[in-house]
Structures are given as structure tokens and as C-alpha cells.
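Chain by chain, the residues:
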Amino acid sequence: MSVTERRHSAASRLSSQHSLIRFRPRVYAISMQWSDQAIILGIRRHGESSAIVEVMSAAHGRHLGMVRSGRSRIMQPVLQPGNSVEVTWRARLDEHMGEFRIEPVELRAARLMETATSVYGIQALGALLRLLPERDPHPHLYEALTVIVDHLADPADAGELFVRFELAVLNDLGFGLDLTECVATGARTELVYVSPKSGRAVCRAAGERYADRMLALPEFLSAQTRRAADHDSLAAAFRLTAFFLNRHVYEPRGLDVSSARDGFVHAALKALKSHPSAA
Amino acid sequence: MAKRVTGPEIEKLIQLLAKVPGLGPRSARRAALHLVKKKDQLLGPLADAMGEAHRKVRICSCCGNVDTIDPCTVCSDERRDRSVIIVVEDVSDLWALERAGAMNAAYHVLGGTLSPLDGVGPDDLNIKGLVQRVANGGVRELIIAVNATVEGQTTAHYITDQLEGMEVKITRLAHGVPVGGELDYLDEGTLAAALRARTSI
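Remember, predicted model here, so these are calculated numbers, not experimental data.

A.B. asks: Would you explain the side chain of Glu89 of chain B in this entry?
C.D. replies: In this fold, Glu89 of chain B is placed in the loop between β3 (81-88) and α5 (91-100). Look at Glu89 of chain B: it is buried, it has no salt bridge, and the nearest opposite charge is Arg45 of chain A at 5.7 Å. Setting aside its immediate chain neighbours within four residues, Glu89 of chain B contacts Val109, Leu110, Gly111, Gly112, Thr113, Val146, Asn147 and Gly152 of chain B.

A.B. asks: What should I look at first to understand the environment of Arg68 of chain A in this one?
C.D. replies: All names here are of chain A. Looking at the element boundaries, Arg68 is found in the loop between β3 (61-67) and β4 (84-91). Spatially, the C-alpha atom of Arg68 lies 23 Å from that of Ala58, the residues being 10 residues apart in sequence. Excluding its chain neighbours within four sequence positions, the residues that come into contact with Arg68 are Ser50 and Glu99. At 3.1 Å, the side chain of Arg68 and the side chain of Glu99 are in polar contact.

A.B. asks: Help me understand the side chain of Ser233 of chain A, please; the structure alone is not making it clear to me.
C.D. replies: Residues and elements named next belong to chain A. In this fold, Ser233 is placed in helix α7 (residues 231-253). A relative accessible area of 14% means that Ser233 is categorised as buried. Ser233 has contacts with Pro218 and Phe220, leaving out every residue within four places of it along the chain.

A.B. asks: Looking at this structure, I do not really get the sheet that holds strand β4 (residues 105-109) of chain B. What am I missing?
C.D. replies: Either a parallel or an antiparallel arrangement is found when strands of a sheet pair, and the pairing is made through backbone hydrogen bonds. Residues and elements named next belong to chain B. Spatial ordering of the open sheet is given by β4-β3-β5-β6, a layout of 4 strands whose pairing is parallel. Taken across any chain shown, the strands that pair with only one partner, and hence form the sheet edges, are β4 and β6 (169-172). Strand-to-strand twist in this sheet, taken as the mean axis angle between neighbours without regard to direction, amounts to 25°. Of the strand pairs in this sheet, β3 and β4 are connected by 5 bridges, and their pairing is parallel. Bridge pairing in β4 links Asp81 to Ala105. Packed on one face of the sheet, α5 meets β3 and β4 and runs near 160° to β4. This element, helix α6 (residues 127-135), spans β3, β4 and β5 (141-144) of the sheet and lies at about 150° to β4.

A.B. asks: Got a minute to help me understand the packing of helix α3 (residues 116-129) of chain A against helix α8 (residues 259-274) of chain A in this structure?
C.D. replies: A pair of packed helices is captured by two measures, namely the crossing angle of their axes and the spacing between those axes. Residues and elements named next belong to chain A. At a minimum axis separation of 8 Å, α3 and α8 run at an interaxial angle of 150°. Considering their axes alone, α3 and α8 lie roughly antiparallel with respect to each other. Crossing of α3 against α8: the hand is left-handed. In contact with Ala116, Thr117, Tyr120, Gly121, Gln123 and Ala124 of α3, α8 contributes Ala260, Arg261, Gly263, Phe264, Ala267 and Ala268. Partitioned by chemical class, the residues of the contact of α3 with α8 number 7 nonpolar, 4 polar and 1 charged.

A.B. asks: It is not clear to me how the interface of chain A and chain B should be interpreted in this structure. Could you clarify?
C.D. replies: By convention, interface size is frequently given as the accessible area that disappears when the constituent parts associate. With 24 residues of chain A at the interface, the matching set in chain B holds 26 residues. Both sides of the chain A and chain B interface together cover about 2200 Å² of buried area, and 56% of this is carbon and sulfur. On the chain A side of the contact with chain B, Met113, Tyr120 and Gln123 of chain A bury the most area, a combined 27% of that side's loss. The partner of Asp118 of chain B in a salt bridge is Arg44 of chain A, with the nearest N and O atoms 3.2 Å apart. Remark: the boundary between chain A and chain B carries 10 residue pairs in polar contact (both at pLDDT 80 or more). Taken together, the elements giving at least two residues each to the side of chain A that touches chain B come down to β1 (32-46), β2 (50-57), α2 (109-112), α3 and α8 of chain A. A per-element tally of the side of chain A that touches chain B places α3 of chain A first, with 5 residues.

A.B. asks: I tried to follow the packing of helix α4 (residues 139-148) of chain A against helix α5 (residues 155-172) of chain A on my own but got confused; where do I start?
C.D. replies: Residue and element names in this part refer to chain A. In the contact formed by α4 and α5, the axes pass within 11 Å of each other and the chain directions differ by 170°. For the element pair α4 / α5, the angle class is roughly antiparallel. Taking contact as the criterion, the partners of His140, Leu141, Ala144, Leu145 and Ile148 in α4 are, on α5, Ala158, Leu161, Phe162, Phe165, Ala168, Val169 and Asp172.

A.B. asks: Looking at this structure, how should I read the state of the cysteines?
C.D. replies: Residues and elements named next belong to chain B. One pass over the structure, following the stated rule, counts 0 disulfides over all chains. As a non-bridged cysteine, Cys63 has Cys75 as the owner of its nearest cysteine sulfur, 3.5 Å distant. Unpaired in this structure, Cys72 has its nearest cysteine sulfur neighbour in Cys63, at a distance of 3.6 Å. The class of Cys72 is buried, set by a relative accessible area of 0%.

A.B. asks: Quick question: what am I supposed to make of the environment of Ile69 of chain B here?
C.D. replies: Residue and element names in this part refer to chain B. Looking at the secondary structure, you find Ile69 in the loop between β2 (66-67) and α4 (73-76). It is 28 Å that separates the C-alpha atoms of Ile69 and Leu13, two residues lying 56 residues apart in sequence. The contacts of Ile69, once residues within four sequence positions are left out, are Arg58 and Ser76.

A.B. asks: What exactly am I supposed to notice about the packing of aromatic side chains here?
C.D. replies: The geometry of an aromatic ring pair comes down to the distance between the two centres and the angle between the two planes. Residue and element names in this part refer to chain A. Under the definition given, this model contains 6 aromatic pairs over all chains. Here the aromatic rings of Phe243 and Phe244 are separated by 5.0 Å at their centres, their planes lie at 85°, and the arrangement is edge-to-face. Given a relative accessible area of 30%, Phe243 falls into the partly exposed group. Here Phe244 falls in the buried class, since its relative accessible area comes to 1%.

A.B. asks: How should the pattern of salt bridges be read in this particular structure?
C.D. replies: Where charged atoms from two side chains of opposite charge come close, those side chains can pair. Per the stated rule, a full pass over the model turns up 25 salt bridges over all chains. Among the ionic pairs, Glu11 of chain B bridges to Arg29 of chain B, the shortest N-O distance being 3.9 Å. Taken together, the residues span a long stretch of sequence, with Glu11 of chain B in helix α1 (residues 8-17) and Arg29 of chain B in helix α2 (residues 25-37) at a distance of 18 residues. Judged by its relative accessible area of 17%, Glu11 of chain B is buried. Residues participating in the shared-partner salt-bridge network are Glu106, Arg108, Arg111 and Asp150 of chain A.

The rules we used
Residues numbered from 1 in each chain as written. Chains lettered and ligands numbered in written order. Predicted model: local features only at pLDDT ≥ 70, side-chain atom pairs only at ≥ 80, totals over all residues. Heavy atoms only, no water. Helix = DSSP H or I, 4+ residues; strand = E, 2+ residues; numbered from the N terminus. Buried < 20%, exposed > 50% of the residue type's maximum accessible area, 1.4 Å probe, protein only. Lys, Arg positive; Asp, Glu negative; His and termini not counted. Salt bridge = Lys/Arg side-chain N within 4 Å of Asp/Glu carboxyl O. Contact = heavy atoms within 4.5 Å. Polar contact = N/O pair within 3.5 Å; in protein donor to acceptor, adjacent residues only side chain to side chain. Pairing = 2+ DSSP bridges. Axes fitted to C-alpha atoms, helices over the stretch in contact; angles between N-to-C directions. Parallel < 35°, antiparallel > 145°, perpendicular 65-115°, else oblique. Left-handed = near helix turned anticlockwise from the far one by under 90°. Nonpolar A, V, L, I, M, F, W, Y, C, P; charged D, E, K, R; others polar. Buried area = accessible area lost by both parts, 1.4 Å probe. Disulfide = S-S within 2.5 Å. Phe/Tyr/Trp six-rings, centres within 6.5 Å; stacked < 30°, edge-to-face > 60°.

Listed below in C-alpha cells is the structure:
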């Protein structure tokens, strides 16, 4: 091979290397990345220093990712359920778990730890959201979550918002209840029962004969009223959502109702019983 | 394929050492080499000590602590105030509190905290044993010394619910500024908790 040929060959090799170098950033550019607002739902240890964090994000639904050094002293207060964060997810492929970079926005975990309703509440909300498929966006549930986490310390507000949240989760799972009109007569007033069969409201006149088989519809859940929840109506509402969650979700999936939900219901009702004025 | 430089026995030693917390494959290799070099002074006595510990170690049937005797050294200590029980997540927490030496009380090790993401429920923890200890009587105060995490506090509230109606005072550790902590670096939650729990000077 002549000198000229060797030069030409080296130049073409270099040129092909250049093309590889030019190509490399493109490979990185197509790697997966997004940033979003999120609320932390849970944390699991991963190795000695990292953590796998589960968040409910505004546009990317419930999502998991690894946080390197997630168990460091700096990150541990941030990676607590209930905290609002700005999360950046990055992975080479979409199906990978990927890594999170997390920046704190509002650290409310310490406040949540103070009362039984709030500490059980955030865990029960996390358990509810785990019923939804991973990475399935539910922006209205995220919005609802941002509201409810700030009201978890107040048992009446927390109870009512929690029941509405359960109804919204049921709706998103395809088992929504229709509490706006009577399934038998079409009436929109005096709705006091829910049919366990259809999950639709029944008015007093139509449901009286089957009252022993009907579920009670608390007044605060009826579209026609703005009355706040009290102890008895909240207890009835918890029974109502528990019935449909059990039938449509927990039993078919072979799951038990989370102990956090039981704890939350117990704590909220106990607080309302001892301080009825909270309602 | 990489060539082997040691026999299978040493490779196995390295693999097992690499599973110890704080040791990775590289540091396990260094530790194994050190042990092998000091076969008579270190490897032999260490193997004997580990074998002896393996034969004798057990979980205390009373508190869940790890020891070579049952009831454990802490539970059999007559000088301890058994009317006060400190509830901890793990044996390492018991050791940490003992290092602090602030209380001469009995302990109860839960074996973790309620964690829905890890699938740890109430039945996976040593909570029934604790309720039984309190129900047996003689317990004046229960100090729940679990971590200041949402999972830790959920466990604390769950235990409180389980002991509802029993004549026992239930307390928990204070939350606030750690010794040597700079306010500037503390999270808002800890600062707020510290301000609420302020004391007169």
C-alpha cells in the first residue's frame, strides 16, 4: 500500500470515527427523560445507600425510579411519603425502571407524622394509588392528592376527601358509582340508598322496601347537598366505598384491605366522636 | 473468560464476604486476602467464633433481641426497670440506645416497620408479642423509639391502637435539631417540629 493510499485509508477511518462521535450524542438524545411535579408515595431500600422511590406524578402517573444515595442524611428527609417534589426521570429505555433526580418542593412529612389520621391517611392513599396501573396518567387524581395531603390532619375534611378519593379511584378503575340520580325512578332528590348490585343511587320511596339490602348513601355524598360529614355519615361512607372496593378490586385480585385504611378509618371516626365540633 | 487466580475455597470465601454490609467485591477480596495471609492468627479464630455464634445465636423469646442465651442478656438483667419498655425497630437500634446509656429499661424489638411497598404488614412484625407483654401487666410506660419516618410513625400509631384500653402510658421520642446540626441545613419539617417542642432556658 502506497503512502497516499495509507493516508486515504487513515482519513476514511477517522472520518468513520467522527461519524460515530457525531452519532453518539444522538443516541443519548433518544434516551428517555422527563421532569414532572410529584408526591412521594413510598420508599424501599435498595442496596446499602440507594432507594427505590414510588411517586404519583402529575402527567406520568404512579412511577418508580431509583435514587442513588437516597438513604443519605440529606435525602432521607426529602424521600418521605407526602412530600411534594420536582422529579426528573431518566432511563436508557422506556421499559427500564430508570433513575430519579429529586428536588424538594414542599416537605410536609414531619407535619403528617403528628396525627394518626394524617400518618395513616398518606399510607392509605398510597395503597389506593397502588391499585392503579403503573405509569398510567391520572392527572385529576394527582390534583386531588395535592389537596387531600394538606387536609389530612383535620379528621372531618380528611375523611370526606378520602371517601371522594376512593370513589374517584373506583371510577378510574372502571367501577364508578352513579350517585346523581335514582336508578329506579330517575329522581334527583331524597337519594338515601345505593344499590349493591348496580352501584347506583336509589331514592327513599323506591328503596324503602329493600332497605335491609341497600347500602346507605350519606347525605354529604349526594350531589344535591353541601352538608359537611359527621361521624355517622362518614362511617356509612367508609362502609359504602369499602363494599365496592372489596367486590370489584380486592376480592378479584386476592388482596386484603390495607391496614393503613383500617387505621385511617378508625382514627378519623375516633377523632370525630371525641370532638364532634371538628365536623 | 477470565483466568482463575485462586482455588474455589478462597473464591467462595470472597463471594460470601462480599455479601456483608459495607463490603463490595473488591473490599471482600482484600479482606479475604488478609484473612488467608493471617491464617492462624485471624482466619482460624474467626472461623471458630463464627461457628460458635452460628450454633448458639437465637432470638429472645421475650423481646426479639439477638443473643446466645434465651431470655437474652438484657431481659435477664435483674437491675433493669422492667416497668418501662423501649420499643425499637431493629437490634441495631437497641445497641445504639444502649450505647447512649440514657435509660435502664427493658426493650422490645419489632423487626422492622409497617411498609406497604415492601409488603410488610402487622403480622410480619413482633407486635403481638408486645401486646402480650403489656397485657401480662407490670408495664408502666412504653417508649416507642422508632425512626422519625412516615413508616416508623405509622407503626407507632398502629401499636398505640393495639394497646387501646390498656393501662399503660405511651410516649415517643422527641423530634428536633440533632447535636451538631446547623439550622441552615435542616429540612423545614424538622425545624417546625423543633420550634413547636421548644423548651425554656
